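Descriptive structure summary
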Amino acid sequence: MAEETPPASPEPPRAPVTAADVLAWLEETAEAVRSGELDAPALIDLLGQLRQASTACANASDWALLAAREAGASLRQIAPVFGKGYVRAPAARLEKLHREVLSSEQFLELMRRRMGTG
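Rules used in this analysis
Residues numbered from 1 in each chain as written. Predicted model: local features only at pLDDT ≥ 70, side-chain atom pairs only at ≥ 80, totals over all residues. Heavy atoms only, no water. Phe/Tyr/Trp six-rings, centres within 6.5 Å; stacked < 30°, edge-to-face > 60°. Lys NZ or Arg CZ within 6 Å of the ring centre and 35° of its normal. Helix = DSSP H or I, 4+ residues; strand = E, 2+ residues; numbered from the N terminus. Polar contact = N/O pair within 3.5 Å; in protein donor to acceptor, adjacent residues only side chain to side chain. Salt bridge = Lys/Arg side-chain N within 4 Å of Asp/Glu carboxyl O. Buried < 20%, exposed > 50% of the residue type's maximum accessible area, 1.4 Å probe, protein only.

**Points about the packing of aromatic side chains**
By the definition in use, this model includes zero aromatic pairs. A cation sits over an aromatic face here: Arg88 above Tyr86, 5.1 Å from the ring centre.

So this is what it looks like as structure tokens:
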């Protein structure tokens, strides 16, 4: 008889981009600028892409904040990711988010509507 191995616990999701990813990209892109491979119009296009990505990351962060609270995380547990461990920052962000939505699912639906996919 073969022993059954218990199913492996799924790995927690990772952010789609990390600070290390951004730094590596920035180093490569800076070298392309120094070597003359990228001109001003290309950099302006990159700037627009980065601004859109920044907004998307901020939205993902807001969604994760709402979802963490719904999953039972306290403001004290969340505060360190906002820096210095102050609960005022996530509390203020939640208060602002709750003016528009009450749950992470409502937030996701709002994002879908804004992007025209919902």
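Now that the structure has been shown, we can carry on.
**Some points on the environment of Ser35**
Looking at the secondary structure, you find Ser35 in the loop between α1 (19–34) and α2 (40–70). One polar contact links Ser35 to Glu37, side chain to side chain, over a distance of 2.9 Å.

**Concerning the pattern of salt bridges**
Under the definition given, this model contains six salt bridges. A salt bridge links Glu31 to Arg34, with the nearest nitrogen and oxygen atoms 3.1 Å apart. Of this pair, Glu31 and Arg34 both sit in helix α1, three residues apart, which is roughly one turn of that helix. Overall, Glu31 belongs to the partly exposed group, its relative accessible area being 42%. Take Arg34: its relative accessible area is 58%, and that puts it in the exposed class.

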